[in-house]
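For reference, the chains in residue letters:
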Amino acid sequence: MQEVRVGIVGLGNVGLGTLTILAENAEQIALKLGFPLRVTVVCSRTVASKALPDSLGEVYKTTDWRDVVSHPDVDIVAELVGGTTVAAEIIEGAIAHRKSVVTANKELMALCGAEIWARAIRAGINLAMEASVAGGIPIHAVLREGISGDRIVGLYGILNGTTNFILTEMEERGGSFDAVLAEAQRLGYAEADPSADVDGWDARSKLAILAALAFGEKITPSDIYTEGIRRIAAIDFQYAHRLGHTIRLVASAQQTAEGLILSVRPALIPQTAILASVRGAYNAIWVKGRYGADTFYYGRGAGPLPTGVAVVSDLMRVAREIRSGSPERVSPFAHERLGEYRPIPVTRQRRAWYLRFRVVDRPGIIAALAGILAEKRISLEAVLQLPCDNKADLPFVITAEPTTEAAIREAVKEMSRLDFLLEPPLALPIEPGL
Ligand SMILES: NC(=O)c1ccc[n+]([C@@H]2O[C@H](COP(=O)([O-])OP(=O)(O)OC[C@H]3O[C@@H](n4cnc5c(N)ncnc54)[C@H](OP(=O)(O)O)[C@@H]3O)[C@@H](O)[C@H]2O)c1
């Protein structure tokens, strides 16, 4: 059967990983498909300096992505550039030339995936974006095919390998956030500018895509409550362990009677929870279905080859659809309601809370804090204090019984004015049932 031809734009980590697999695994891929996939065009700004696998054979190289999207010998364009500017033009250009598209771009798909998908459907082409969330975990295939017969009620994930690496290093070895971040940068796990990862923005984009797939809603990423991990200290793990918990950056989407509640934030989760066993740069997603109950997916969240597998598998799926003449018909975004969903503020959620303080020690501190909690009708559950000699910077923890986030925020705001505090209290939800 006739080959399907691929043009690749972007020859960085993911682009080169994809090319390696397409070259080394070409025979298996052709056997599985019943026809070969052939790379005909590759593009990057510095394409001449790229070492391409020899077995790819003759490939047209260009520095202009327009050559790829308009090339007559390209059936599928793989957009592996990233960002929301050039990448958007590449995908638009490909759709305009009626080429199918595979992308690894979480940022762009989180922002305007619904619109891109609608255009792809109108143009009668295929689109796939498996690599955009959790690199090597085939979670799109799971949500769109594997468990699509279920009705999803909740989804929880560790979606950012960099932050998970930092948190688990702090947990296992101690060390400040800054020291562990510097180590992560040295090892290549964190970017020179780490804010997309450590401030939660990367996980937010991924959650927006996953929640769209799981719930059929068009999610606006800026509606997702997002908090990063910069304020977590090694001491928080010691206290969390005392409480039988650990700390992870949890991306969560929960269906409630009023609508979806979405957040990305550090939270205490029980040490026995399956998500607590996710360590280092790994990712995991736990999906709760109304009929099928719990399923759990685990794997590498990034890296040239794991992400390359996701891209190659998408290329294979799209190639099959091209061969069978089956274009996209239903968008994975907004299949339930075509309008925008109504976000439910996270402040309505009831949780137990972990409040960590750093104070200059003096009499009356607990009474002052307990007084504010009582004023806000929040029940104090326990006070924990690990031995510490430094009375000028004394950490301790108060846990509060379940209350709304709105009430805790008010209490924290009021507590922040107290002059014995060295910094505002750190408030983390204690996630039940994870
Ligand atoms: N890295 C991962 O593990 C991972 C995991 C999951 C998803 N992703 C996603 O995959 C995408 C690619 O990530 P990456 O890590 O491979 O990025 P990267 O290493 O920075 O590679 C980007 C590539 O795009 C090329 N490029 C940039 N602007 C271009 C333009 N105007 N015209 C042509 N080529 C251009 C660059 O060319 P030059 O090399 O010539 O400068 C480079 O080859 C992103 O959307 C990212 O979010 C990455």
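Residues numbered from 1 in each chain as written. Predicted model: local features only at pLDDT ≥ 70, side-chain atom pairs only at ≥ 80, totals over all residues. Heavy atoms only, no water.

1. A word on the overall build of the protein chain
- Within the protein chain, the secondary structure is distributed over 14 helices and 16 strands.
- On C-alpha atoms alone, the protein chain measures out to a radius of gyration of 24 Å, which is about the 22 Å that the 2.2 N^0.38 rule sets for 434 residues.
- In terms of overall dimensions, the protein chain has a C-alpha envelope of 80 × 45 × 35 Å along the principal axes.
- Taking all 434 residues of the protein chain together, 54% fall into the buried category. (Helix = DSSP H or I, 4+ residues; strand = E, 2+ residues; numbered from the N terminus. Rg over C-alpha atoms; globule rule 2.2 N^0.38 Å. Buried < 20%, exposed > 50% of the residue type's maximum accessible area, 1.4 Å probe, protein only.)

2. So, a nonpolar patch on the surface
- Residues I366, L380 and V383 make up a contiguous nonpolar surface patch of roughly 200 Å² in combined accessible area.
- Assignment of secondary structure puts V383 in strand β14 (residues 380-384).
- Residue class for V383 comes out partly exposed when judged on its relative accessible area of 42%. (Patch = residues over 30% accessible without salt bridge, like charges linked within 9 Å, V, L, I, M, F, W, Y side chains within 5 Å. Areas by Shrake-Rupley, 256 points an atom, 1.4 Å probe, with all protein chains shown as cover. Salt bridge = Lys/Arg side-chain N within 4 Å of Asp/Glu carboxyl O.)

3. A few points about the pairing of strand β1 (residues 4-9)
- The buried fraction of β1 amounts to six of the six residues, a majority that puts the element mostly inside the structure.
- Across the two faces of β1 the burial is the same, with V4, V6 and I8 and R5, G7 and V9 all buried.
- Direction of pairing for β1 relative to strand β2 (residues 37-43): parallel, over a ladder of six bridges. Counterpart to R5 in the pairing with β2 is R38.
- Pairing of β1 with strand β4 (residues 76-79), which is carried by four bridges, proceeds in the parallel orientation. In the strand pairing of β4, I8 is matched with A78. (Pairing = 2+ DSSP bridges.)

4. Digging into the sheet that holds β2
- What the six strands build is an open sheet, ordered β3-β2-β1-β4-β5-β6; its pairing is parallel. The outermost strands of the open sheet, each flanked by one partner alone, are β3 (60-62) and β6 (127-128).
- Sheet topology places β2 next to β3; three bridges connect them, and they run parallel. Paired with V42 across the bridge in β3 is K61.
- On the sheet, helix α4 (residues 86-96) packs against β1, β4 and β5 (100-103) and is oriented at approximately 175 degrees with respect to β4. (Contact = heavy atoms within 4.5 Å. Axes fitted to C-alpha atoms, helices over the stretch in contact; angles between N-to-C directions.)

5. Quick word on helix α11 (residues 234-242)
- Inspection of α11 places A234, D236, F237, Y239 and A240 among the buried residues, and these make up the whole buried set.
- Just downstream of α11, G244 is the residue with a positive phi angle, here 75 degrees.

6. Here we look at the site of the ligand
- The full set close to the ligand counts 21 residues, and V14, S44, T46, K50 and G303 are the nearest of them.
- Within the side chain of K106, an N or O atom sits 3.3 Å from an oxygen atom of the ligand.
- Summarising the interface, the protein chains cover 78% of the accessible area of the ligand, which totals 900 Å² for the free molecule.
- Residues of the shell around the ligand, tallied by class, amount to nine nonpolar, nine polar and three charged. (Near = heavy atom within 4 Å. Polar contact = N/O pair within 3.5 Å; in protein donor to acceptor, adjacent residues only side chain to side chain. Nonpolar A, V, L, I, M, F, W, Y, C, P; charged D, E, K, R; others polar.)

7. Notes on the packing of helix α6 (residues 139-146) against helix α10 (residues 201-215)
- Between α6 and α10, the least distance of the axes is 9 Å, while the angle of their chain directions is 15 degrees. As summarised for this structure, α6 and α10 are arranged roughly parallel, according to the angle between their axes. When the axes of α6 and α10 are compared, the crossing they make is left-handed. Across from I139, H140, L143 and R144 in α6, the residues of α10 making contact are I209, L210, L213 and A214.
- Counted by class, the contact of α6 with α10 contains six nonpolar, one polar and one charged residues. (Parallel < 35°, antiparallel > 145°, perpendicular 65-115°, else oblique. Left-handed = near helix turned anticlockwise from the far one by under 90°.)

8. What about the domain arrangement of the protein chain?
- Taken domain by domain, the protein chain holds domain 1 (4-135 + 304-324), domain 2 (140-300) and domain 3 (348-430).
- Between domain 1 and domain 3, the C-alpha centre-to-centre distance is 51 Å. (Domains from an automatic or database assignment.)

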